[in-house]
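# A closer look at the structure
As a plain string of letters, each chain reads:
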Amino acid sequence: MSDTPVIGVLALQGDVREHLIALASADALARPIRRPEELAEVDGLVIPGGESTTMSKLASLFGMLEPLRERVRDGMPVYGTCAGMILLADKILDPRSGQETVGGIDMIVRRNAFGRQNESFEAAVEVAGVEGSPVEGVFIRAPWVESVGARAEVVAEHGGHIVAVRQGNALATSFHPELTGDHRVHALFVDMVRAVG
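In this report, the structure presented in the accompanying data block is examined.

Calculation rules
Residues numbered from 1 in each chain as written. Predicted model: local features only at pLDDT ≥ 70, side-chain atom pairs only at ≥ 80, totals over all residues. Heavy atoms only, no water. Phe/Tyr/Trp six-rings, centres within 6.5 Å; stacked < 30°, edge-to-face > 60°. Helix = DSSP H or I, 4+ residues; strand = E, 2+ residues; numbered from the N terminus. Buried < 20%, exposed > 50% of the residue type's maximum accessible area, 1.4 Å probe, protein only. Core = buried A, V, L, I, M, F, W, Y, C linked by side-chain atoms within 4.5 Å. Contact = heavy atoms within 4.5 Å. Salt bridge = Lys/Arg side-chain N within 4 Å of Asp/Glu carboxyl O. Lys, Arg positive; Asp, Glu negative; His and termini not counted. 1 Å grid on protein atoms, 1.4 Å probe; cavity = no way out; pocket = protein on both sides within 12 Å on 5 of 7 lines; lining within 4 Å. Points joined across faces, edges and corners; volume = space filled by probe spheres on them. Nonpolar A, V, L, I, M, F, W, Y, C, P; charged D, E, K, R; others polar.

## Regarding the packing of aromatic side chains
Scanning the model with the defined rule gives 6 aromatic pairs in all. Ring centres of Tyr-79 and Phe-189 lie 5.8 Å apart, and the angle between their planes is 40°; on these two criteria the pair is classed as tilted. Of this pair, Tyr-79 sits in strand β4 (residues 78–81) while Phe-189 sits in helix α6 (residues 184–196), and the two are 110 residues apart along the sequence. Taken as a pair, Tyr-79 and Phe-189 share a single burial class, namely buried. Each ring, one from Phe-121 and one from Phe-139, has its centre 4.7 Å from the other, and the planes form 5°; the classification is stacked. Of this pair, Phe-121 sits in strand β7 (residues 121–125) while Phe-139 is found in strand β8 (residues 135–139), placing the two residues 18 residues apart along the sequence. Accessibility expressed as a relative area gives 1% for Phe-139, which makes it buried. Here the aromatic residues Phe-114, Phe-121, Phe-139, Trp-144 and Phe-175 are joined through ring pairs into a cluster of three or more.

## A look at the nonpolar core
Residues Leu-39, Leu-45, Ile-47, Ile-105 and Met-107 are the most contacted members of the largest nonpolar core, which totals 33 residues. In terms of residue count, the dominant contributor to this core is helix α5 (residues 83–88) (5 residues). In this structure Leu-45 touches Ile-7, Gly-8, Val-9, Leu-10, Ile-33, Leu-39, Leu-68, Met-76, Pro-77, Val-78, Tyr-79 and Phe-189, once residues within four positions along its chain are discounted. Judged by nonpolar contacts, the second largest core, of 32 residues, contains Ala-11, Ala-26, Val-125 and Leu-188.

## Concerning the pattern of salt bridges
This model, assessed by the stated rule, comprises 9 salt bridges. Each of Arg-35, Glu-37 and Glu-38 takes part in a single network of salt bridges with overlapping partners.

## Focus: the side chain of Arg-111
Tracing the backbone shows Arg-111 in the loop between β6 (105–110) and β7. One buried charge, Arg-111, has no salt-bridge partner; the nearest side chain with opposite charge is Glu-51, at 4.1 Å. Residue contacts for Arg-111: discarding those within four places in its chain leaves Glu-51, Ser-52, Thr-53, Ile-86, Ile-92, Asp-94, Pro-95, Arg-96, Gln-99 and Pro-143.

## Structural notes on the layout of surface pockets
Empty space among the atoms becomes visible once a probe the size of a water molecule is rolled across them. By volume, the largest pocket amounts to about 200 Å³. Together, 15 residues line the largest pocket, and Gly-50, Glu-51, Cys-82, Ile-140 and Arg-141 are the ones closest to its centre. Considered class by class, the residues forming the lining of the largest pocket number 5 nonpolar, 6 polar and 4 charged.

All quantities given are derived from atomic positions and should not be read as evidence of function.
If you want it as structure tokens, here you go:
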């Protein structure tokens, strides 16, 4: 891999464009990914926010669920925001019927834990590994992490709840850093991808 890693954004649903912009500003070559053969060509992957149940069903429909699980198991760096965090959880506390996850982070996640759409908010969040001032987190129908296993590391909390977790090459935040113009979390992820290369 060159110094410019190729990072995909799972483009089945959600705020794909914002992640592509954030990754490009963090010196990655970013591209939308919809099919298994496209997934095979990237060094890392972002799973964006959106609706986690819909995303899991679309991933299954597009034949992406198993290839995603395999790549994550094999150590491909992956970063999930909001719904992406839910998809990276090994367990969902309150799954919808038929909802599946990709897994990869030893955590239990509660969907929509911070409330409904009209209870969305922004907050400054201290994220371990991100230099400088706190990150502005945008929480939209956001999940939180109920608990983590021994292999997972809590990297941010807000209001007494875990909102960012890292385990090996996997990173997850319950908030949306791609909506703020501050691309330091994406830069952290790009560095994680470079470290694997």
